[in-house]
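# Fold and contact review
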Amino acid sequence: MQVLRRIWDDLRSGENIDLYITVIVAVSLATLNLAGVAPQTYLAPITLAVLGLLAISSLGNRYRIEKLLQRQSQSIDSFYMEEYPSSFKDDFETAEELWLIGVSLRRTVQANYPMLEQKLHQGHTIKVLLVHPEGAGIEMAVARNYARREIGPKSNEIRFNLQLLCDLRKISPDKLEVRTIRHPLAYGVTAVNPDMASGVLYLEHYCFRVASDSLPRFVLRAKDGRWYDFFKSEIRALWNAGVEWPCNRQ
């Protein structure tokens, strides 16, 4: 019954009609030949015609498979990127809730310091999670670096950014939360309005000694469903594993 339903669906959608015609001709020809009523003069031409239909069908299937593989390859290349799309800047600026997660977030914090300051004045919520400047987390983060693997400079970099964030926090202590985590991070995150239907996650993979930058980068949107929810849950778990950074620490 399922086979007949599949055949009917194919016929209604115009799919695989050439194959069904080939099967009908081949079965009919074999039946007539077994019954001894198939005209011998037409047997060879009909057989060649059936083989021709099979060859055409095989070529068609081959082209379709190649097209699907090419489309899949293009899809992967467009999903994983070296740089975030142009929407990143607009999403960053307009986000009413912004989550920033990374080892030190040196470029993100320093390059966007005026924007972060403006967002706090506008009453936007910002949550920042950095790797703690001491312990196993920073040691493993430095160990995966492509070139420099000294802990001291990276630790100082994190402390400097923590101080910048503490200065920002004075603008609106209730709107900027800063935490550190002693676990290693596999990727960095910029989460834009993560709990809204328009939420976007910008993620960058932390390489292990194969590149000097964080690659690849990719974007997930709330409409993507399952994997967006998966990464959002992990991001929240990372946040919950973090500890508030005391801004009065020298």
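A brief report on the enclosed structure follows. (Residues numbered from 1 in each chain as written. Predicted model: local features only at pLDDT ≥ 70, side-chain atom pairs only at ≥ 80, totals over all residues. Heavy atoms only, no water.)

Whether parallel or antiparallel, the strands of a sheet pair through hydrogen bonds between backbone atoms. The strand order across the open sheet formed by seven strands is β6-β5-β4-β1-β2-β3-β7, and the pairing between neighbours is mixed. The two strands at the open ends of the sheet, each matched to only one other strand, are β6 (217-221) and β7 (243-244). Sheet topology places strand β4 (residues 187-192) next to strand β5 (residues 200-205); six bridges connect them, and they run antiparallel. The residue bridging Val192 from the neighbouring strand is Val200, located in β5. (Pairing = 2+ DSSP bridges. Helix = DSSP H or I, 4+ residues; strand = E, 2+ residues; numbered from the N terminus.)

Let us now look at the packing of helix α7 (residues 136-143) against helix α8 (residues 151-169). With their axes 10 Å apart at the nearest point, α7 and α8 run at an angle of 120° to one another. The orientation of α7 relative to α8 falls into the category oblique. Every pair of crossing elements has a handedness; the one defined by α7 and α8 is right-handed. Packed against α7, whose contacting residues are Ile138, Glu139 and Val142, the element α8 presents Ile151, Lys154 and Ile158 at the interface. Broken down by class, the residue content of the contact of α7 with α8 amounts to four nonpolar, no polar and two charged. (Axes fitted to C-alpha atoms, helices over the stretch in contact; angles between N-to-C directions. Parallel < 35°, antiparallel > 145°, perpendicular 65-115°, else oblique. Left-handed = near helix turned anticlockwise from the far one by under 90°. Contact = heavy atoms within 4.5 Å. Nonpolar A, V, L, I, M, F, W, Y, C, P; charged D, E, K, R; others polar.)

Moving on: the nonpolar core. Leu98, Val128, Leu201 and Leu203 are the most contacted members of the largest nonpolar core, which has 50 residues in total. Looking at this core, the element that brings in the most residues is α8, giving six residues. In this view, Val128 contacts Leu100, Leu105, Leu165, Leu176, Glu177, Val178, Arg179 and Trp239; residues no more than four positions away in its chain are not counted. (Core = buried A, V, L, I, M, F, W, Y, C linked by side-chain atoms within 4.5 Å. Buried < 20%, exposed > 50% of the residue type's maximum accessible area, 1.4 Å probe, protein only.)

The next point concerns the pattern of salt bridges. All told, the structure shown has 10 salt bridges when counted by the stated rule. The shortest N-O distance in the salt bridge between Arg236 and Asp195 comes to 3.0 Å. Of the two residues, Arg236 sits in helix α9 (residues 226-241) while Asp195 sits in the loop between β4 and β5, which places them 41 residues apart along the sequence. Put simply, Arg217 and Glu204 hold a salt bridge, and the shortest N to O gap is 3.1 Å. Placement of the pair is Arg217 in strand β6 and Glu204 in strand β5, with a sequence separation of 13 residues. When its relative accessible area of 13% is taken as the criterion, Glu204 is described as buried. (Salt bridge = Lys/Arg side-chain N within 4 Å of Asp/Glu carboxyl O.)

Turning next to the packing of aromatic side chains. Scanning all chains against the criterion turns up 12 aromatic pairs. Ring centres of Phe88 and Tyr202 lie 4.9 Å apart, and the angle between their planes is 85°; on these two criteria the pair is classed as edge-to-face. Of this pair, Phe88 sits in helix α4 (residues 87-94) while Tyr202 sits in strand β5, placing them 114 residues apart in sequence. Measuring from ring centre to ring centre gives 5.6 Å for Tyr187 and Phe231, while their planes differ by 75°; the resulting arrangement is edge-to-face. Linking Tyr187 in strand β4 with Phe231 in helix α9, this pair joins segments that are 44 residues apart in sequence. Taken together, Phe79, Tyr80, Tyr187, Phe218, Trp227, Phe230 and Phe231 form an aromatic cluster joined through their ring pairs. Above the ring of Tyr84, the side-chain terminus of Arg217 is found at 5.7 Å from the ring centroid. (Phe/Tyr/Trp six-rings, centres within 6.5 Å; stacked < 30°, edge-to-face > 60°. Lys NZ or Arg CZ within 6 Å of the ring centre and 35° of its normal.)

Keep in mind these numbers describe shape, not what the thing actually does.
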